[in-house]
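Here's the letter readout for the chains.
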Amino acid sequence: METSEKILIGILELSEAKELSDKLEVKGVEIAIKHNEQTCTKGCVVKVEVWAQENDIPAIAETIREEKMKTLDNEGLDIDKSLLDHVFDEDATTATCPACGTSFSTKLKECPECGLVFFNE
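Rules behind the numbers
- Residues numbered from 1 in each chain as written.
- Predicted model: local features only at pLDDT ≥ 70, side-chain atom pairs only at ≥ 80, totals over all residues.
- Heavy atoms only, no water.
- Helix = DSSP H or I, 4+ residues; strand = E, 2+ residues; numbered from the N terminus.
- Buried < 20%, exposed > 50% of the residue type's maximum accessible area, 1.4 Å probe, protein only.
- Contact = heavy atoms within 4.5 Å.
- Areas by Shrake-Rupley, 256 points an atom, 1.4 Å probe, with all protein chains shown as cover.
- Polar contact = N/O pair within 3.5 Å; in protein donor to acceptor, adjacent residues only side chain to side chain.
- Phe/Tyr/Trp six-rings, centres within 6.5 Å; stacked < 30°, edge-to-face > 60°.
- Lys NZ or Arg CZ within 6 Å of the ring centre and 35° of its normal.
- Expected span 1.5 Å × (residues − 1).
- Arc of directions from axis to C-beta.

1. Thoughts on the overall build of the protein
Helix and strand content of the protein: 2 helices and 5 strands. Element order for the protein, N to C, with α for helix and β for strand: β-α-β-β-α-β-β. Residues counted as buried form 21% of the 121 residues belonging to the protein. Restricting to contacts in the protein with at least 6 residues of sequence separation, those with at least 24 account for 41%. Counting only carbon and sulfur atoms, one obtains 50% of the accessible surface of the protein, whose full area is about 8,700 Å².

2. Here's the deal with the environment of Glu 66
Its place among the elements puts Glu 66 in helix 2 (residues 57-74). Within polar-contact distance, the side chain of Glu 66 engages the side chain of Lys 27 at 3.1 Å.

3. A look at the packing of aromatic side chains
The full count for this structure, using the stated rule, is 0 aromatic pairs. Across from the ring centre of Trp 51, 4.6 Å away, lies the NZ or CZ of Lys 34, which sits over that ring.

4. Here we look at helix 1 (residues 14-26)
Over its 13 residues, helix 1 extends 19 Å from the first C-alpha to the last, a length consistent with the 18 Å expected when each residue adds 1.5 Å. Turning to helix 1, its buried residues are Ala 17, Leu 20, Ser 21 and Leu 24. Down the axis of helix 1, the buried set is contained in an arc of 105°. They therefore lie on one face. Helix 1 presents Ser 15 and Val 26 as exposed residues on the side facing more than 90 degrees away from its buried surface. Taken from the residues just after helix 1, Gly 28 is the one with a positive phi, measuring 80°.

In structure tokens form, the structure reads like this:
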């Protein structure tokens, strides 16, 4: 591992931080888990700071993305992953709902098929 200074990349519950550490260790990426009284007050679930080398952030992000996709797959949800990249652009004439794939006019503020709201009026 490099000896450069680590940066704070997030705050997680202790169990989540340990799980992430184990998954990253397999990829040769090491993170530091630190307890900080400022981020955990009395009575909370134990939360820790996660620190890593800046150049390891892409590998960490990819690992987290992989885990999120596994969670979606394991829950038996019929998800069209290509829809996840759709963004509602109010300047466009039509939009594609990232939840259900329905195309609709951007004059509408929610998907007419599933009801996903795009703007709070």
